Amino acid sequence: MENEETKVMIGLEIHAYLDTKSKLFCSCPTNVNESKPNSLCCPVCLGHPGSKPVLNEKAVELGTKVGLALNCKINQDFFFSRKTYFYPDMSANYQITQYEIPLAGKGFVELGDKKITIRRAHLEIDPAALIHPSGMGQSNYVLIDYNRSGLPLIEIVTEPDLTTPDEAREFLITLENILSYLLVLKPETTLKADCNISINGGNRVEIKNISGFANAKKALTYEIKRQINETKLGKTIEQHTRAYNQETNTTIPLRKKETEEDYGYIFDPDLVKVNLTDEYLNKIKSSMPELPKEKIVRFIKEYNLSEYDAKVLCSDFELSNLFETIVKKGASPKITNQILTREFLSILNHDSLNFNQVKINETDIFDLVKLIESEKVSDKNVKESMINYISGDKTSPKSYLEKNNLLVDTTIDLDSIVISVIDANPKAKEDYKNGNEKTLNFLAGQIMRQTKGSAQIDKVLEKLKEKIN
Amino acid sequence: MIKQDETIKHFVNLAKSDFSQVEENLSKIIFELQHSQNKGLNYIESFDEQLVLKQLENLRNSNKKGKLFGVPITVKDAIVVKDLESKAGSRILAGYKPQFDATVIKKAREEGAIILAKTTQDEFGFGTFSTNTIKVPKNPFDQNRSCGGSSGGSGGFTAYTSAYHLSIGESTGGSIACPASYCGVNGLTPTYGLVSRNGLIDYANSLDKIGAIGRNTFDSELLLNVISGKDEMDSTNLGINYAVDDYDLDALDLNELNKDVNKIAVIKDFYEFCDQDVKKVFDKQIEKLREFVEVEEVSLPLNVKYALSAYYIIATSEASTNLAKLSGLRYGIQEDVDGLHFDDYFSLVRSANFSDEAKRRIILGTFARMSGFRDAYYLKSLKVRTKLINEFKSAFKNYDLLLNPTMSTVAPRFDEIEKLTPIQNYAMDLCTVPANLAGLPHLSSPIGFSQDMPVGLMTVANHLEEKKLTAFGKLIEMIN
Ligand SMILES: [Zn+2]
């Protein structure tokens, strides 16, 4: 930070939607996005008197996978508790969550050489959605959509091991990547984070419910500055909860923070203790998919990639899969990697796009790699065809190259063109021999023009030197 | 002595071949129900004649003739019945018509039962006398006295009606045994988890047990047979069905029936707590029973000392979270919301519509689980409960059944009840709470009268040993 002496401690509570077909404690479907408000609910998730929750075992399975992937100790005997607070989005005015014994206990996530400690990960229900028709604080009534009520969430809590907003952002990206490898995340949902932050051992301030990693970073950056300024003014930072306002890029106070104990937790007496047998746990362990760390090692070994390239590919589950699919079809790993990590990612960066925002087809890339392998396309045209593929009219690189006559005509006799150009320019030839390197570029330009740019410049230069000498 | 033609089984056999039996019995019970309402006896909380007649027609056209074919059944108000106002005796749920049938209702309907009406109770089961509600049921033996609680309407109506009828009750701390005792009927509370709680408006989920109230053990066990068993909608359900054997009352071999009941014991500490006149009736019964079985005495000092405290802490802790959902937002009573912030609205609805007793229990329960007190009260009580269960378990190593008078007194008069402090009131449950806290099955059988009011004997069995309980209950009925 600006002030080198400021010691920052950041802890995160991350909520992620688990990808189950039904809700955590009832059989209502979870396809909230394509459904009308209040169409996916039943007496259980509406909190009707007499209804009883029944645990969705799939959520336990997915939660266990998350725990294992975060190197957590799985508690084979766990249970659910009621966290009581009155709020219109909470259908029973208590949330079914885990308190004393979470599904997953202590674990860690590696961030480069640093280990970020995971305190716990537990299952809980999502509240209903509150809709403020004229905006938060502006409406004199709110609408409630119970479709979301009871959706399965996993809450992942870190120790305050993170020290900068950048690190917090990196952690979130890393965590999301691990979760995507596990195939446990509900599609089209994002992680939401509550950020706890304290400076110089002061009181903890919680910033609630931040969507998006860039926002988390911005909110934390603002909050650190705010706390430093407050301290400079001689004020003490009180423990409280704040909200991040995206428009103004500031944080605003919400309420005095309750401590966890204030929620009057009791064991949910409608639910029974869950026991995960050794057999069950072993089965899940043996069905764990390959995680980023393991994939990086394998890519280096199997495809002879540099550690850097392997890491770049594996930092996105889909990208690493795309790479492998193309290579398995018989494309060169080296060239495929170049196309994906250099060309493709630099176009994404340039256009500020995310991988999941673009449609790219494995066959299109495969065809392109094959053209490069057989030296039928120049670097310049590879780039041009990829830019068109991602941000242009999206025709496949191969069709683009063909349509625009950008493929090297292997029938062209490069040797005879080189000789004829040299013969037509005797002065240039002499100048070069006398040490004027620039004339070589002049000759190469002539050759490129005659080949309509399809020749590879390295090759042309090489041939020129060979023929003149 | 119970006669064959007094049993539900007898009625169902007739009804299966002669539908007019169903119609006659139903007309009779509806007449009596309306009569009891007109007289202000208050057994019935909700009754919808159209819903009843619809069931009758469905039954007439049905090919399936189940175990409860044509039997009218009343249900404690806390058990939800689809489309029939179900409010657990509370004003806050006024107008609430459930979208689904409780599992026990579904099971009873599948066997041909007619769901007749909802019976009155203490609000959410919070009480011993069914006086913590608006419609207070009056004892059929003396209208100045209580029916007991909290399933008071079920006990009272079962004693009141002369028609063939069964009632589904619910016990948290003794709410089936108590009204059975006060009203002189049979109340069978099963092991916790034997009967699905799905559809029960909760009092205290780890204690609530739905059970049967009937004229005799034969009837109660038939109802238990129908409503027990596997239900995936209740996670605490044990998945076990209580089986009934066919019987012929004229050829009943009581010794054979009670072959597993060899040694029983009177729980001395509970017995001593009871009034002299109750003890007298109880003693007489024990003397009769000695001809069939060895009777000893046992002491449960931990239960005497701690059961009530642990029970009230656990029950109110759970209740205070259960009642949180009742806030006038999605169902039940609604107040004028204009200009109110949501938490002010919740407070308004809850202040205006919970009774004092409900508020008392919410405050007690919230206190027992709040930060700083949770360890000393709520968590400690859970540990105590385990110890108390173990005390029962060691007694069951020596005895097949444990006995005590169900209630320490006969049904008290309403003016007597008014004078009780909350603590004196809670202490009235001393004999019934321990078995309930331990989740043990128990049966209250009528054994005679004192001051012209019924006296009940409570028999407690080990977990899932309902068979011993009902065999013994039949023994009592057949020798009296
Ligand atoms: Zn639902």
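Residues numbered from 1 in each chain as written. Chains lettered and ligands numbered in written order. Predicted model: local features only at pLDDT ≥ 70, side-chain atom pairs only at ≥ 80, totals over all residues. Heavy atoms only, no water.

J.: With reference to specific residues and values, describe the side chain of Asp231 of chain B.
T.: Residue and element names in this part refer to chain B. Looking at where Asp231 falls in the secondary structure, it is placed in the loop between helix 7 (217–227) and helix 8 (254–257). In this structure Asp231 is buried but unpaired, with Lys107 as the nearest side chain of opposite charge at 6.5 Å. Side-chain polar atoms of Asp231 contact the backbone nitrogen of Met233, separated by 3.1 Å. The residues contacting Asp231, other than those within four sequence positions of it, are Thr103, Ser196, Asn198 and Asn237. (Helix = DSSP H or I, 4+ residues; strand = E, 2+ residues; numbered from the N terminus. Buried < 20%, exposed > 50% of the residue type's maximum accessible area, 1.4 Å probe, protein only. Lys, Arg positive; Asp, Glu negative; His and termini not counted. Salt bridge = Lys/Arg side-chain N within 4 Å of Asp/Glu carboxyl O. Polar contact = N/O pair within 3.5 Å; in protein donor to acceptor, adjacent residues only side chain to side chain. Contact = heavy atoms within 4.5 Å.)

J.: Let's hear about the interface of chain A and chain B: which residues, and what values?
T.: Every contact between the two is made by 35 residues of chain A and, on the other side, 39 residues of chain B. Summed over both partners, the interface of chain A with chain B comes to about 2900 Å²; 58% of that surface belongs to carbon and sulfur atoms. When residues of chain A are sorted by the area they lose upon contact with chain B, Pro49, Lys52 and Ile266 of chain A head the list and together hold 22% of the total. Taken together, chain A and chain B are joined by three salt bridges. The partner of Asp202 of chain B in a salt bridge is Lys52 of chain A, and the shortest N-O contact between them spans 2.9 Å. At the surface where chain A touches chain B, the tally comes to 20 residue pairs in polar contact (both at pLDDT 80 or more). For the side of chain A that touches chain B, the elements supplying multiple residues, two or more each, are strand 3 (81–84) and strand 14 (266–267) of chain A. In terms of residue class, the side of chain A that touches chain B is made up of 21 nonpolar, eight polar and six charged. (Buried area = accessible area lost by both parts, 1.4 Å probe. Nonpolar A, V, L, I, M, F, W, Y, C, P; charged D, E, K, R; others polar.)

J.: Kindly report on the state of the cysteines, identifying the contributing residues and their values.
T.: This model, assessed by the stated rule, comprises zero disulfides over all chains. Cys431 of chain B supplies the cysteine sulfur nearest to Cys274 of chain B, a cysteine that is in no disulfide, at a spacing of 4.1 Å. (Disulfide = S-S within 2.5 Å.)

J.: Can you break down the environment of Leu252 of chain B residue by residue, with the values?
T.: All names here are of chain B. The residue Leu252 is located in the loop between helix 7 and helix 8 in this model. In this structure, the C-alpha to C-alpha distance between Leu252 and Lys474, residues 222 residues apart in sequence, is 9.7 Å. Contact partners of Leu252, with chain neighbours within four places excluded, come to Phe218, Tyr247, Leu257 and Met478.

J.: So what's going on with the packing of aromatic side chains? Residues and values would help.
T.: As enumerated under the stated definition, the model contains 33 aromatic pairs over all chains in all. With a centroid separation of 5.6 Å and an interplanar angle of 50°, the aromatic rings of Phe367 of chain B and Tyr377 of chain B are classed as tilted. One end of the pair, Phe367 of chain B, is in helix 13 (residues 356–368); the other, Tyr377 of chain B, is in helix 14 (residues 375–398), with ten residues separating them in the sequence. Taking relative accessible area as the criterion, Tyr377 of chain B reaches 34% and is therefore assigned partly exposed. Taken together through their ring pairs, the aromatic side chains of Tyr85, Tyr99, Tyr263 and Tyr265 of chain A make up a single cluster. The side chain of Lys115 of chain A reaches across the aromatic face of Phe108 of chain A, ending 4.2 Å from its centre. The aromatic ring of Tyr271 of chain B is capped on one face by Lys279 of chain B, whose charged end is 5.3 Å from the ring centroid. (Phe/Tyr/Trp six-rings, centres within 6.5 Å; stacked < 30°, edge-to-face > 60°. Lys NZ or Arg CZ within 6 Å of the ring centre and 35° of its normal.)

J.: Kindly report on the coordination of the zinc ion, identifying the contributing residues and their values.
T.: Six octahedral donors at a metal ideally form angles of 90 or 180 degrees, and four tetrahedral donors ideally form angles of 109.5 degrees. Residues and elements named next belong to chain A. Those donors, Cys26 (SG), Cys28 (SG), Cys42 (SG) and Cys45 (SG), are the protein atoms that reach the zinc ion, and they lie 2.3 to 2.4 Å from it. Classification of the site at the zinc ion as tetrahedral follows from its four donor atoms and the range of 100 to 116° in their angles at the metal. In terms of primary sequence, the donors binding the zinc ion are separated according to C-x1-C-x13-C-x2-C. Pair noted here: Cys26 is in the loop between strand 1 (8–17) and helix 1 (57–69) and Cys42 is in the loop between strand 1 and helix 1, with a separation of 16 residues, a long-range link. Across this residue pair, the class does not change: Cys26 and Cys42 are buried. (Donors = N, O, S within 2.8 Å, 3.2 Å for Na, K, Ca; no water. Tetrahedral: all angles 85-135°; square planar, octahedral: opposite > 155°, others 65-115°.)

J.: Give a description of the pairing of strand 7 (residues 186–189) of chain B that names residues and reports values.
T.: Residues in a regular strand project their side chains so that they alternate between the two faces of the sheet. All names here are of chain B. Every second residue of strand 7 is oriented toward a common face, with Asn186 and Leu188 on one face and Gly187 and Thr189 on the other, all of them buried. As paired strands, strand 7 and strand 8 (residues 209–214) are joined by three bridges and run antiparallel to one another. When the sheet's bridge partners are listed, Leu188 is paired in strand 8 with Ala212. Note: strand 7 against strand 12 (residues 442–450), three bridges, orientation antiparallel. The residue of strand 12 that forms the bridge with Thr189 is His442. (Pairing = 2+ DSSP bridges.)

J.: Lay out the nonpolar core in plain terms, naming residues and giving numbers.
T.: Generally speaking, nonpolar side chains in soluble globular proteins are found buried as a group. With 154 residues, the main nonpolar core has Leu68, Ile73, Phe124, Ile168, Leu402, Leu403 and Phe472 of chain B as its most contacted residues. Element by element, the count of residues in this core is highest for helix 11 (residues 301–322) of chain B, at eight residues. Apart from the residues lying within four places of it in its own chain, the contact partners of Phe124 of chain B are Ala88, Ser90, Ile92, Leu93, Ile201, Tyr203, Leu323, Leu326 and Phe354 of chain B. If you look at the next biggest cluster of nonpolar residues, it comprises 103 residues, including Val8, Ala59, Leu305 and Ile326 of chain A. (Core = buried A, V, L, I, M, F, W, Y, C linked by side-chain atoms within 4.5 Å.)

J.: Report on the packing of helix 2 (residues 165–182) of chain A against helix 3 (residues 213–232) of chain A, specifying residues and quantitative values.
T.: Residues and elements named next belong to chain A. The N-to-C vectors of helix 2 and helix 3 enclose an angle of 155°; their axes lie 8 Å apart at closest approach. By the angle between their axes, helix 2 is roughly antiparallel relative to helix 3. For helix 2 against helix 3, the interelement crossing comes out right-handed. Contacts between helix 2 and helix 3 involve Pro165, Asp166, Ala168, Arg169, Leu172, Ile173 and Glu176 from the first element and Phe213, Ala214, Ala216, Lys217, Leu220, Thr221 and Ile224 from the second. Looking at side-chain class alone, the contact of helix 2 with helix 3 contains nine nonpolar, one polar and four charged residues. (Axes fitted to C-alpha atoms, helices over the stretch in contact; angles between N-to-C directions. Parallel < 35°, antiparallel > 145°, perpendicular 65-115°, else oblique. Left-handed = near helix turned anticlockwise from the far one by under 90°.)

J.: I'd like a description of unusual backbone geometry, backed by residues and values.
T.: Here the residue pair Gly149 of chain B and Ser150 of chain B is connected by a cis peptide bond, since its omega of 0° sits within 30 degrees of zero. The phi torsion at Asn249 of chain A lies on the positive side, around 50°, for a residue other than glycine. Structurally, Asn249 of chain A can be placed in the loop between strand 12 (240–245) and strand 13 (250–256). On the basis of relative accessibility, which here comes to 30%, the residue Asn249 of chain A falls in the partly exposed class. In this structure, Lys394 of chain A is a non-glycine residue whose phi angle is positive, near 70°. If you trace the backbone, Lys394 of chain A turns up in the loop between helix 10 (379–391) and helix 11 (397–403). Residue class for Lys394 of chain A comes out exposed when judged on its relative accessible area of 52%.

All quantities given are derived from atomic positions and should not be read as evidence of function.
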